[in-house]
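# Architecture at a glance
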Amino acid sequence: MALRDNAIVGFAETRIVEKSDRDVWELGAEILETLLDRTGFEKGEIDGLILSSSMTGAGNCFWSQATADQLALEVDFCQTVDIGGCSPVGAVARACAAIDAGLCTTVLCLFADTQSAETNQRLRHFQAEWTLPLGLMGPPAAFGFISNRYEHQFGLDYSMLGKLAVAQRNHALLNDNACEKLRKPITIDDYLKSRMIADPVRLLDSVMVCDGASGIIVTSRKNAARKGLNKIVTPIGYGERTTYRASEAIVDVTETGHMVAGQRAFAQAGLSPSDIASFHPYDDFIIAILLQMEMLGFCKHGQGCNFIRERSFAIDGDLPLNTGGGQISAGQCGLAGGGTNLIEAVRQLFGEGGARQVANTRNALVTGIGGIPYARNWNSSVVMILTPEG
Amino acid sequence: MTMINDTLDVAREAPKSRSFSKPFWDATREKKLLLQYDPVVGKFQFFPRATSIYTGRRNLEWRESAGVGAIHSFTIARRARPPFQGKEPFFIAVITLDEGVNVMGNMVDCALDEMKIGLRVKPYWSPLPDGTHLLMFTPQR
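As a starting point, this report considers the structure included with it. Quantities reported herein were computed from a predicted structural model and do not represent experimental measurements. (Residues numbered from 1 in each chain as written. Chains lettered and ligands numbered in written order. Predicted model: local features only at pLDDT ≥ 70, side-chain atom pairs only at ≥ 80, totals over all residues.)

Bringing the overall build of chain A into the picture now. Along the backbone of chain A there are 13 helices and eleven strands. Since a compact globule built from 390 residues should have a radius of gyration of about 21 Å, the 19 Å found for chain A is in line with a globular shape. The C-alpha extent of chain A, read off along each of the three principal axes, is 55 × 45 × 45 Å. Every one of the 390 residues in chain A was classed for burial, and the buried ones make up 59%. Residue pairs in contact within chain A that sit at least 24 positions apart in sequence constitute 79% of those at least 6 positions apart. (Helix = DSSP H or I, 4+ residues; strand = E, 2+ residues; numbered from the N terminus. Rg over C-alpha atoms; globule rule 2.2 N^0.38 Å. Buried ≥ 20, exposed ≤ 12 C-beta atoms within 10 Å, placed from the backbone. Contact = placed C-beta atoms within 7 Å.)

Okay, here's the thing in structure tokens:
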């Protein structure tokens, strides 16, 4: 039994909108219905439910139970994964582990958040004591520290960050589910001239909080075969690290847990970065993509700008990047936002990319980033490598 | 040149301390900076925690720090929520104290062109309504 004995047999995604007038459970119901239609599973065959973190769901400490009840799912395994932006990809790994352990056979992984319409977060955190008294608004400031530190250590060509922003925006133009407000072309000059939010983090570096849902069904490959589901995506490598270098007082914020998570994922998959056919990194801020390129070994630490300069990230480029626009150009569905990167990777491997279908579907790499700590990088890092084969 | 505000006139509330961070806040009444120190490994840590980040044990001591160090990184907040709204732009800096910990703080009397990574700073204590003080920093000139 292993990760790769399991398969993603279907995916679903709602449109991403600002201030949804549809309830988070209505979005969840849309995902459930779409997945039943696409896989042929009956509702009663789903015996596991794993939810991502959700700012809307944060008001209920019985979130997974309450959602199982709303969707009338009778399950043998029920949980919420609470590692923020890592939770959708983390949910896939946990679904595989639960299936391998014999706890259940067919898991609905549901990523639903309507943070812009209804946020219920009340964080018990260091922030009230240590950062709110400084007027710190959260993620943009944290990425401001990271960016200035990166520039100090390695130099930072902001036009290269702009190149990534433009590539992702071009992809959102081809994505009907992307937030309408963001589906306008941008240039590197637009990026460089966009207003500062938390220097040197600009508006076009940043995600816009939106509402939406996505989901997948995970089952054993044996069960998928029994059901005649031959269009499958298999996770072949996974790594996860929370609180990287927790036992050190000062850490280099340009180094992240993706280094160790990536090494583990690549080793399991038997692949190296140059084998990766399309790259779907979690993108809350553009510089996070650069850092992940370095940590995953696409290039050396500190060499990200040179790597970006020499590559094309278009659909038909050397390394297609977040081919649906990523969260920065499609909108961030709150803490379910990691589902956007994941679903796009699965869509590409299913060959259902339409106008944005990549040619090389041998594999895809998807990541997550979760949580902003005090004067560090980020709390959780996950890396998953997917293939369309068994 | 961009004017950078010092946030001294922001009407802040005093943060609520936790059982294990209370000594830190109590000491700020006398404008003293206390850091947690793990005598087993001989290292400091910040922010205050209920456990040593080094060993997972609770044998921590409080030691007074001069609060002197150098800018590790910084950002300029251009947007803020109340009571900071309207006080933008202002600095939020990460300072590496000489004891080997990173502490975050606002900057007082620091011009935009003076701010840089490596700039030496010293503490500036801003009064809070309950008699405690908030740790800020100012360039050491």
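On we go.
Residue and element names in this part refer to chain A. One open sheet accounts for five strands, arranged β1-β7-β4-β2-β3; its pairing is mixed. Sheet topology places β1 (6-13) and β3 (77-80) at the edges, where each strand pairs with a single neighbour. In this sheet, adjacent strand axes meet at a mean angle of 15° when their direction is disregarded. Helix α1 (residues 24-39) rests against β1, β4 (106-113) and β7 (212-220) of the sheet, and its axis sits at about 40° to β7. The sheet contacts of helix α3 (residues 87-100) involve β1, β2 (48-51), β3, β4 and β7, and relative to β4 the element is tilted by about 160°. (Pairing = 2+ DSSP bridges. Axes fitted to C-alpha atoms, helices over the stretch in contact; angles between N-to-C directions.)

Our focus in this paragraph is the packing of α3 of chain A against helix α13 (residues 338-349) of chain A. Residues and elements named next belong to chain A. Where α3 contacts α13, the two axes come as close as 7 Å, and the packing angle between them is 60°. The pairing of α3 with α13 is recorded here as oblique in orientation. Along its contact with α3, which presents Ser87, Pro88 and Val89, the element α13 presents Gly338, Gly339 and Leu342. Along the lines of polarity and charge, the residues of the contact of α3 with α13 split into three nonpolar, three polar and no charged. (Parallel < 35°, antiparallel > 145°, perpendicular 65-115°, else oblique. Nonpolar A, V, L, I, M, F, W, Y, C, P; charged D, E, K, R; others polar.)

With that out of the way, let us pick up unusual backbone geometry. For the bond from proline 82 of chain B to proline 83 of chain B, the omega torsion is 0°, close enough to zero to count as cis. Omega for the peptide link from glutamate 88 of chain B to proline 89 of chain B comes to -5°, which places this bond in the cis form. Looking at the element boundaries, proline 89 of chain B is found in the loop between β4 (69-77) and β5 (90-97). Of note, arginine 245 of chain A is a non-glycine position whose phi angle comes to about 55°, a positive value. Assignment of secondary structure puts arginine 245 of chain A in the loop between β8 (234-242) and α9 (258-269). Judged by C-beta crowding, with 17 C-beta atoms within 10 Å, arginine 245 of chain A ranks as partly exposed. One non-glycine residue, aspartate 109 of chain B, lies in positive phi territory at about 55°.

What follows covers α13 of chain A. Residues and elements named next belong to chain A. Along its twelve residues, α13 runs 17 Å from first to last C-alpha, staying within 8% of the 16 Å computed at 1.5 Å per residue. Counting buried positions along α13 gives twelve out of twelve residues, so the element sits mostly inside the fold. Buried within α13 we find Gly338, Gly339, Thr340, Asn341, Leu342, Ile343, Glu344, Ala345, Val346, Arg347, Gln348 and Leu349. Within two residues after α13, glycine 351 carries a phi angle of roughly 75°, on the positive side. (Expected span 1.5 Å × (residues − 1).)

A word on the sheet that holds strand β11 (residues 380-387) of chain A. Consider a sheet: its strands pair through backbone hydrogen bonds, and that pairing is either parallel or antiparallel. All names here are of chain A. Here we have four strands laid out as an open sheet, ordered β8-β11-β10-β9, and mixed in their pairing. Taken across any chain shown, the strands that pair with only one partner, and hence form the sheet edges, are β8 and β9 (279-280). Pairing of strand β10 (residues 364-370) with β11 involves seven bridges; the strand directions are antiparallel. Bridged to glycine 370 within β11 is serine 380. Sheet strands in contact with α13 are β9, β10 and β11, and its direction is about 175° off that of β10.

Okay, α1 of chain A next. One full turn of an α-helix is made of 3.6 residues, so residues set three or four places apart face in the same direction. Residue and element names in this part refer to chain A. The end-to-end C-alpha separation of α1 is 23 Å, in line with the 22 Å expected for 16 residues at 1.5 Å each. Residues of α1 that are buried: Val24, Leu27, Gly28, Ile31, Leu32, Leu35 and Thr39. Along the axis of α1, the buried positions cluster into a sector of 140°, meaning they face one direction only. Tucked inside the fold, the buried residues of α1 contact β1, α2 (63-70), β4 and β7. Within two residues after α1, glycine 40 carries a phi angle of roughly 80°, on the positive side. (Arc of directions from axis to C-beta.)

To continue, consider the packing of helix α6 (residues 158-172) of chain A against helix α10 (residues 286-295) of chain A. All names here are of chain A. It is at 9 Å that the axes of α6 and α10 come closest, and there the two elements cross at 105°. One element, α6, and the other, α10, form an angle in the roughly perpendicular class. Residues Leu161, Leu164 and Ala165 of α6 form the contact with α10, whose participating residues are Ile286, Ile287, Ile289 and Leu290. In the contact of α6 with α10, the residues fall into seven nonpolar, no polar and no charged.

All we've got here are geometric facts, nothing functional implied.
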